[in-house]
Every structure is written in structure tokens, then in C-alpha cells.
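# An overview of the molecular structure
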Amino acid sequence: MTLLDDPRPISADSHALETAETYAGLPEKFGDDAPRVVNKGDQGDYIEIPNQPHRSRNVAIMCLAGTRLDYATPLPREHATKPSAGSITDPEIQAYFTGGYAAMRPGLRDGARRPDDQDIDGISAEVLYPGWFPMFSLPDLDLLVATQRSYNDWMADQQIRSGGRLVGLAALPVQDPEIALAELQRAIELGFKGIVLPSNAPKGRTYSDESYDPMWALAQEARLPIAFHVACMSHVPDWVKAMAERDPITQYAGAAALIHDTMVELMIRGVCAKFPDLKFVLAEFNAGWIAHWLDKAQQGWAREHAKDPSAGAPVDLLEIWKRQFYATIEDDTAALSTRQMIGEETLLWGSDYPHTDSTWPCSAQVLDEMFEDYSPETRDKVTRTNVATLYSL
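We now turn to the structure provided with this report.

About the thresholds
For every chain, the first residue of the written sequence is number 1, and numbering continues from 1 onward in sequence order. Since the coordinates come from a predicted model, pLDDT governs what is reported: local features require at least 70, and pairs of side-chain atoms require 80 or more to be given and counted, while whole-chain, interface and lining totals use all residues. For side-chain calculations, the full set of non-hydrogen atoms in the structure is used, while hydrogens and water are omitted. The buried label goes to any residue with under 20% of its type's maximum accessible area, the exposed label to any with over 50%, and the partly exposed label to all in between, with areas taken from a 1.4 Å probe on protein chains only. Secondary structure is summarised from DSSP: a helix means a run of H or I of at least four residues, a strand means a run of E of at least two, and numbering begins at the N terminus for each. Only strands joined by at least two bridges in the DSSP assignment are considered to pair. Contact criterion: two residues are considered in contact whenever any of their non-hydrogen atoms come within 4.5 Å of each other. Angular values range over 0 to 180 degrees, each being the angle between N-to-C directions of two axes fitted as lines to C-alpha atoms, with helices fitted over their stretch in contact. Roughly parallel here means an angle under 35 degrees, roughly antiparallel means over 145, roughly perpendicular means 65 to 115, and every remaining angle is called oblique. Helix crossings get a hand from a simple test, with the near helix turned counterclockwise from the far one by less than a right angle marking a left-handed crossing and a clockwise turn marking a right-handed one. Throughout this entry, Asp, Glu, Lys and Arg are counted as charged residues, while Ala, Val, Leu, Ile, Met, Phe, Trp, Tyr, Cys and Pro are counted as nonpolar. The remaining residues, Gly among them, count as polar.

Let's shift gears to the pairing of strand 3 (residues 45-48). Of the two faces of strand 3, both are covered, the one formed by Asp45 and Ile47 as well as the one formed by Tyr46 and Glu48. Here strand 2 (residues 36-39) hands over to strand 3 after five residues, with Gly41 in that stretch at a positive phi of 65°. Of the pairings in the sheet, the one linking strand 3 to strand 4 (residues 57-58) comprises two bridges and is antiparallel in character. Looking at strand 4, one finds that Ile47 is bridged to Arg57.

Tracing the sequence through the fold places Thr383 in helix 17 (residues 376-390). When near neighbours in sequence (up to four residues on either side) are disregarded, Thr383 contacts Pro9, Ile10, Trp349, Leu367 and Phe371.

The next thing to look at is unusual backbone geometry. Between Tyr353 and Pro354 the backbone carries a cis peptide bond, its omega angle lying at 5°. Look at the link from Trp360 to Pro361: it is a cis peptide, with omega at 5°. Note that Pro361 resides in the loop between strand 12 (347-349) and helix 16 (363-370). Located in the positive-phi region is Arg223, a residue other than glycine, with phi close to 60°. Checked against the element boundaries, Arg223 lands in the loop between helix 7 (213-222) and strand 9 (226-229). You can call Arg223 exposed: its relative accessible area is 67%.

This part covers the packing of helix 6 (residues 177-190) against helix 7. Close contact between helix 6 and helix 7 brings their axes to 9 Å; oriented N to C, the two are set at 15°. As summarised for this structure, helix 6 and helix 7 are arranged roughly parallel, according to the angle between their axes. In this structure, the crossing between helix 6 and helix 7 has a hand that is left-handed. In this structure, helix 6 uses Ala180, Leu181, Leu184, Gln185 and Ile188 to contact helix 7, whose residues at the interface are Pro214, Met215, Leu218, Ala219 and Ala222. Considered class by class, the residues forming the contact of helix 6 with helix 7 number nine nonpolar, one polar and no charged.

Right, here's the structure in full:
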């Protein structure tokens, strides 16, 4: 039996909600530099690092979609789009902020109960990314490595508890390429089907550095896709810090800019040429922009070559995209409109549960509306068979 025996969609982009078990033993070893879960009474539960308060997160922030069934009147929703985010002052949302884990749906806290939430949404399985993104940018290398190893152990257990309906991605500490390689080998031994890396290379490096070649080679040999998720950064670049001064709507609408440097490093600076069978996933950057971006990058590469022929002649970026890249979408109908340009085999639908941008608990209805003008074959590829093939499900 495989997940393809179930005709329901598979979410290619959903999220974990880390619990106290995720960080077991870290405070004892690293003291107040380590992450842990802290209950703050009527303020709810937090994942926090005492010595780095800016990384503190109320756990409710990571799972607000889970409140939607608590509303007496469902949140409004436009045709073929996710439900409204609601208001931070809504009592249903405030219950999560003040009540912490105890107030949440059991499926958010326990992999064994996550299938309950999947069944409500009409899906068969989820590819799971982390929920607490600061684990990718911890400044102390030893702590970062220990945190990601602990997360991977916890996620491996969550997969088992779900009966195979959670497909977790293992995190690699790319701040040290040799340690990342060793953790990749361990992830393979733990049975992971994919990897998640920070969406930008560590400061002072690029993903095209030769030091990463052994990691790429092993991932290619093991047929493990490499995923990059929005906001999962190894560090905050100066230009991103400057964006904080811009209108928040501009920031939200321009989130795809966070992956462009990495795409150039992979597609143009040699990684894809060296490892043509390695697959990459751009998660939650959506995809309506990709056809245009590939065209502009192709022009930029040609202009660079005209100025300096020694840099190597350009190759077809669209061909590289179709051969090696995938992008997840939620309710991105613009991406479906460009599917014939970038290849419908490269699109993966994801619910983003339990984050605010999620289509839960009405993903089935959203998909019915999104694909009403498309063939059943196209819908099945984007919502089910593409992701199942990619992750060998």
C-alpha cells in the first residue's frame, strides 16, 4: 500500500507544531542559550530562549488555522481562496494565545491525532516543515546542530505515530558542510524522504561553494529532494532588514524575493550542472511569478556572458527548472495559468496547515473551485501524483 492508493490530495507544504519533547535535554546541556517550552500562565505557552528573547514565539502564532472550527459562523472566504485570517482580537484566536497547547486541537500536538485534522480537510497526508523557524539561524553552532538533531529525532517519531500520514523533512545544519553531510547520512538511516535547508546559504557562503558538493552528491544518490521554505533563513540579510521599513503589504507580497539568490546559486552558478538529478522544492513562495523570473534571469545571464565570455555560455533555465525544480502553491491561480510554461509537473499543492495562510478546513472546496476550468488529470498531478512521485510515496 502507498499513499497513491488513496485518491485524496496530499499537502506538499504543511507544518509541525514543536512541543516540549522537541527540545528535551537541550536546556540541561546549553543552559539559557537553549530553546525550551515555557508556560506563562494566562499568557499561554512559548518557545523561547532566555538569552535571546527576540526569538521567543507564542506557540499560537504557529497554528491559528486550527481555531477555524471554533467559530459559530465560519470565517468568510472568496471563491477559490483560503478563508479569512480573522482578527487577532477574536475570542477564538485569543483562546489559543492564552490557553497554549491545552487549548489546541489534539492533532496539532500529537502526530497520532494529526490524521483527524487531515480527514476533516479531505486530504490523505502532509509533507511537514518545521513550525519554529528560528532553529535555522541559531548563532551558536553546537547548539544549532544539537537543536536540529533533536528536531529530526522528534519528527521521525511523529511520522511513525501518524501511521505514515506525516512525511517529515529533516533539517541540516548547513553552517558546517561536514556536519550537514553527517546529519544527512543520519536522516537517510532514520528513513526520511526529504530535506529542508534554510532558504539562504549561511553568511559568507553560497550554496554553490564546493564545500557543499558532498552533501548535494549524497542527496542525489539517495534521491532525497532538497526543500527551501519561506522565512526559514540561516541569517537575515541586510536587504531584508531594510525591508522592515517598507509597507508590511509590500513585504508580504514580495516574499518570493527571499529565494532568488539561492535560485541563481543553484541554477546558474553550477550546482544543477554538477548534480542534474537532484530535485529542489521552493515551498510557500507560490509560483505565479516563476515564468517571468526565469525569463528575466535568462536575459541577465546572457548580458553577463556578453560582458565576460569566460564566465561560460548560458543554458536554458526553463529546461533546468522543468528537470529539477518544484514549487508549492496554496490558492495561487496565477500559477495554474502559467502551468504550460513552467510545466504542470513542477507544481505541488499544499494546505499550509496549521498556519494562517492555510486553506484548512475547506481545502477540498478550495481545490474544487481552483480547478473547475482544468482537467481532472491536471488537478490530480498538482494535488497528488507530483508530490507522491517526488517523495517516493
